[in-house]
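Topology and contacts: notes
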Amino acid sequence: MGDRSAGEADSVLWTRTVEGDPDAFAELYRRHGKRIYNYLFRRVGDWSEAEDLTASVFLEAYRRRHEVAIPEEKVGAWFFGIATNLAHNRRRSLRSARRLLERLAGAVSARPGESDASARAEAREQMGAVLAAMSALPREQQDVVALCLWSGLSYEDAAVALSIPIGTVRSRLSRARAALAELEPGSRHGISQNQEVEELLR
Amino acid sequence: MNERIGLLEPPTELELPPEVMERHLRLLRQAVTAPAPTKRWRRPSRRLLWVAAALALVAAGAVAAATKAGLFDRVVTRADLDARVTSGARTSDGVLFVDPDGRYISVVPAESGGGFDPASPYGRQLFRSLESRGENGENAQTTIELPGGGTRTIRWKRGEGTLTVTDEHADGTTATTTLRSGDVVPLVPGSLRDQPLTPDKAVTFELELRPDYGYSLWIYPQRNEAYVATPPWTESAKATAVADEDVLREVVRRFALSTGADRHRAVPIDGTGGRWTFSLADGTIRTVTWNAGDRWVTVTDRAPSGAIHGEEVLPIGTRVFAG
């Protein structure tokens, strides 16, 4: 990987990837991998699964490289779209991902370092509670909450990711907010099984 | 946009662990430089399908079987050897080698046996070596000389059902890989590289009407071509194909193949790729697609309702049963 890749736009890197440049693909991964990883963790609540699904997002993107026309500078949004689909089909996606990872790398899922373990355990616990509360929302509303509010995608990018109009993103988010406002007491009740989280909510 | 949303505040983002990043980057590089191989479908029978087919041809002139005396191949380059890592024991199925003349040699590790096209001198050498060592028991190995020096040693363990290939090059370097059931590789590295239509460049689908009875379909996604029944590679391979038109018609009907005049378009193909759909006995609708230039095909299974219940990528050099 040279400086050339580091300074190039996503769309240029993607074009080079499609042409078979592994360095360009690696740079795209470096740019977007962390966000996709955290997005997937926030969708599935498990770091190990998020790791495997993150790899799947990029492999799936490459597999579909000839099938899609990605809008200018929306490569990252497209990755989020793939991640969303994989999260929706989590079980099947993981089966497929793990077969692929085993076949390609002969490796088991890597474990985080010791220094990270407690932070990850804590995050996992917290995320479990959040996802439990989120489950009260319809899936399409969960999608826009996770993309726009948790991952910071613009409405436009979320629209690309979900293949829906921007207006639909807005309306779904609006409905999600309203639903969450109503759900808040119940959500809090549901989360209260976890004392630490309950403390944070007070 | 970092809007908070009340109680549903997710944890702070964490970095990808470095070892995970490293592993992912390695995978992505492999994806760009080589197909991402996964296999889900039923493996070729552990029984000596091809051996039986060839013997049937020699002994009885069984026409359909003759066609299936296919010569399946996959070029194993150094990169392949480096990339393909041992994944543990398999207790069934076989690996098919292809000699430089396009003739097959089948090795079934689980049975410490196999077979070969009687016309293949390499096959005779390989199995003579095996017999002379008296190793029909748990472990066996045989070695062939490589052009330009060096050797290729094939080892298998009956109990584990594994087969490894170790190349020792003239410059002293070595490389070892473990082969899996359904893999097809050239017996002599690089010997088929200049032949564009050898089966190492294809995904092979066995179109069986019943066990050991039917024809093969070879899809070459890189070339955007597909052939049925008649092997498109060497003349010796073509010569083995004596198509039984009645059987072929049944195969075409059963697997919804194209019947046009273009023998390289056995399934629907246009300038961008191919899309072949057929139904399985249980109602599953199986679709095989590829983009022109790819090194793999994608197999998607749908229920009659349209719901997808399976999807897999099959790299070139893979042989599976179509349904």
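**Some words on the overall build of chain A**
If you tally the helices and strands in chain A, you get eleven helices and zero strands. Each helix (α) and strand (β) of chain A, taken in turn from the N terminus, gives the series α-α-α-α-α-α-α-α-α-α-α. Expressed as a percentage of its 202 residues, the buried residues of chain A come to 53%. Partitioning the intrachain contacts of chain A with sequence separation of at least 6 by distance along the chain shows that 61% fall at a separation of at least 24.

**Regarding the sheet that holds strand β16 (residues 308–315) of chain B**
All names here are of chain B. Strand order in this open sheet of five strands is β12-β13-β14-β15-β16, and the pairing throughout is antiparallel. Single-partner strands in this sheet number two, and they are β12 (269–270) and β16. Pairing of strand β15 (residues 296–302) with β16 involves seven bridges; the strand directions are antiparallel. Opposite V297, over in β16, you have L314 as the bridge partner.

**Observations regarding the packing of helix α4 (residues 47–63) of chain A against helix α5 (residues 75–88) of chain A**
Residue and element names in this part refer to chain A. Axis separation between α4 and α5 bottoms out at 9 Å; the angle between their running directions is 120°. Our classification of the angle between α4 and α5 gives oblique. Pair α4 / α5 crosses with right-handed handedness. Of α5, the residues touching α4 (which contributes L53, S56, V57, F58, E60 and A61) are W78, F79, I82, A83 and L86.

**Some details on the confidence of the model for chain B**
Residues and elements named next belong to chain B. Put simply, chain B has an average pLDDT of 70, and 64% of its residues get 70 or more. When the elements of chain B are averaged for pLDDT, helix α3 (residues 63–67) gives the smallest value, 25, and strand β13 (residues 273–279) the largest, 93. Segment residues 1–5: pLDDT under 50, and 13 contacts once partners within four positions in sequence are set aside and those in other chains are kept.

Cut-off values and rules
- Residues numbered from 1 in each chain as written.
- Chains lettered and ligands numbered in written order.
- Predicted model: local features only at pLDDT ≥ 70, side-chain atom pairs only at ≥ 80, totals over all residues.
- Heavy atoms only, no water.
- Helix = DSSP H or I, 4+ residues; strand = E, 2+ residues; numbered from the N terminus.
- Buried < 20%, exposed > 50% of the residue type's maximum accessible area, 1.4 Å probe, protein only.
- Contact = heavy atoms within 4.5 Å.
- Pairing = 2+ DSSP bridges.
- Axes fitted to C-alpha atoms, helices over the stretch in contact; angles between N-to-C directions.
- Parallel < 35°, antiparallel > 145°, perpendicular 65-115°, else oblique.
- Left-handed = near helix turned anticlockwise from the far one by under 90°.
- pLDDT = per-residue confidence, 0-100.

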